[in-house]
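Summary of structural features
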Amino acid sequence: MTPSHSFPEPGLVPELLVTSLEKSLEFWCSLGGFEVQYDRSDDGFAYIARGSAHVMIEQRGAGRNWLPGALELPFGRGINFQISVASIDPLVRALRGASWPLFMEPETKWYRTGDVESGVAQFLVQDPDGYLIRFQASVGRRPSSR
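So, how was this worked out
Residues numbered from 1 in each chain as written. Predicted model: local features only at pLDDT ≥ 70, side-chain atom pairs only at ≥ 80, totals over all residues. Heavy atoms only, no water. Helix = DSSP H or I, 4+ residues; strand = E, 2+ residues; numbered from the N terminus. Buried < 20%, exposed > 50% of the residue type's maximum accessible area, 1.4 Å probe, protein only. Contact = heavy atoms within 4.5 Å. Areas by Shrake-Rupley, 256 points an atom, 1.4 Å probe, with all protein chains shown as cover. Lys, Arg positive; Asp, Glu negative; His and termini not counted. Charge placed at Lys NZ, Arg CZ, Asp CG, Glu CD. Salt bridge = Lys/Arg side-chain N within 4 Å of Asp/Glu carboxyl O. Phe/Tyr/Trp six-rings, centres within 6.5 Å; stacked < 30°, edge-to-face > 60°. Lys NZ or Arg CZ within 6 Å of the ring centre and 35° of its normal. Pairing = 2+ DSSP bridges. Axes fitted to C-alpha atoms, helices over the stretch in contact; angles between N-to-C directions. Core = buried A, V, L, I, M, F, W, Y, C linked by side-chain atoms within 4.5 Å.

Quick look at the overall build of the protein
- Helices and strands together make up the secondary structure of the protein, namely two helices and eight strands.
- Burial status across the protein gives 38% buried among its 146 residues.
- Sequence-distant contacts, at least 24 apart, represent 54% of the contacts inside the protein between residues at least 6 apart.
- For the protein, the exposed area adds up to about 8,900 Å²; of that, 50% sits on carbon and sulfur atoms.
- Computed over 14 positive and 17 negative side-chain charges, the inter-centroid distance for the protein is 10 Å.

As for the pattern of salt bridges
- Scanning all chains against the criterion turns up four salt bridges.
- Across the pair Glu 105 and Arg 96 runs a salt bridge whose closest N-O atoms are separated by 2.3 Å.
- The exposure class of Arg 96 is partly exposed, given its relative accessible area of 44%.

Concerning the packing of aromatic side chains
- Taken as a whole, this structure holds eight aromatic pairs when the rule is applied.
- Plain terms: the ring middles of Phe 27 and Trp 28 are 5.7 Å apart, the flat faces sit at 90° to each other, and that makes the pair edge-to-face. You'll find Phe 27 and Trp 28 in the same group, each marked buried.
- Judged by centre distance (6.2 Å) and plane angle (35°), the rings of Tyr 38 and Phe 45 are tilted.
- Among the residues examined, Phe 45 registers a relative accessible area of 4% and is labelled buried.
- Through pairs of rings, three or more aromatic residues link up here, namely Phe 27, Trp 28, Phe 34 and Trp 100.
- We note Arg 40 situated over the ring of Phe 45; from NZ or CZ to the ring centre the distance is 4.0 Å.

Remarks on the sheet that holds strand β7 (residues 116–126)
- Reading across the sheet, the four strands line up as β5-β8-β7-β6 and stay open at both edges, with mixed pairing between neighbours. Two strands close off the open sheet at either side, each with one partner strand: β5 (80–84) and β6 (102–113). Strand-to-strand twist in this sheet, taken as the mean axis angle between neighbours without regard to direction, amounts to 30°.
- Where β6 meets β7, nine bridges bridge the pair, whose relative direction is antiparallel. In the strand pairing of β7, Leu 102 is matched with Val 125.

Let's talk about the environment of Arg 64
- Relative to the helices and strands, Arg 64 is located in the loop between β4 (53–59) and β5.
- Judged by relative accessible area, Arg 64 falls into the exposed class, the value being 61%.
- Sequence separation between Arg 64 and Gly 44 is 20 residues, and the spatial gap between their C-alpha atoms is 9.8 Å.

Quick notes on the nonpolar core
- One finds Trp 28, Phe 34, Phe 123, Ile 133 and Phe 135 to be the most contacted residues of the largest nonpolar core, which totals 30 residues.
- Of all the secondary-structure elements, those providing two or more residues to this core are β1 (15–18), α1 (21–31), β3 (45–50), β4, β5, α2 (89–97), β7 and β8 (132–143).
- By residue number, the principal contributor to this core is α1, which donates five residues.
- Non-local contacts of Ile 133, meaning those with residues more than four positions away in its chain, are made with Phe 27, Trp 28, Phe 81, Ile 83, Phe 123, Leu 124 and Val 125.

Thoughts on α1
- Among the residues of α1, Leu 21, Ser 24, Phe 27, Trp 28, Cys 29 and Leu 31 are the ones counted as buried.
- Immediately beyond the C-terminal end of α1, within one or two residues, lies Gly 33, with a positive phi of roughly 80°.

Shown next, in the form of structure tokens:
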């Protein structure tokens, strides 16, 4: 059965186990600019999207949780989720307005990508369960200095 939604189907959608669906939706939607595309409240599940960035959130202990090992806070150790946005400024303002701590302050960073460098304005923040989120906005390309 094909879901009745109008957003493009991405090739990869992470599903994050969380301790509280309500707190996670507050972070991801109210502060992060995502929108609920659909949910299954009986299963503690929501599918959210912001443009082409899609995430599934499932509350631990509700529905079917696939756990290959112990789940201890902070969740997602060793991974960060990069989310491309037009500008990081509104997100930084929203997070600071909510007194939400940033894991890494905003910076502009240039990364070598072949024979050019790609610039991004970026910052890192942890969601309520410790998943590391990197919001980034392109600031352009330039010839590589190497």
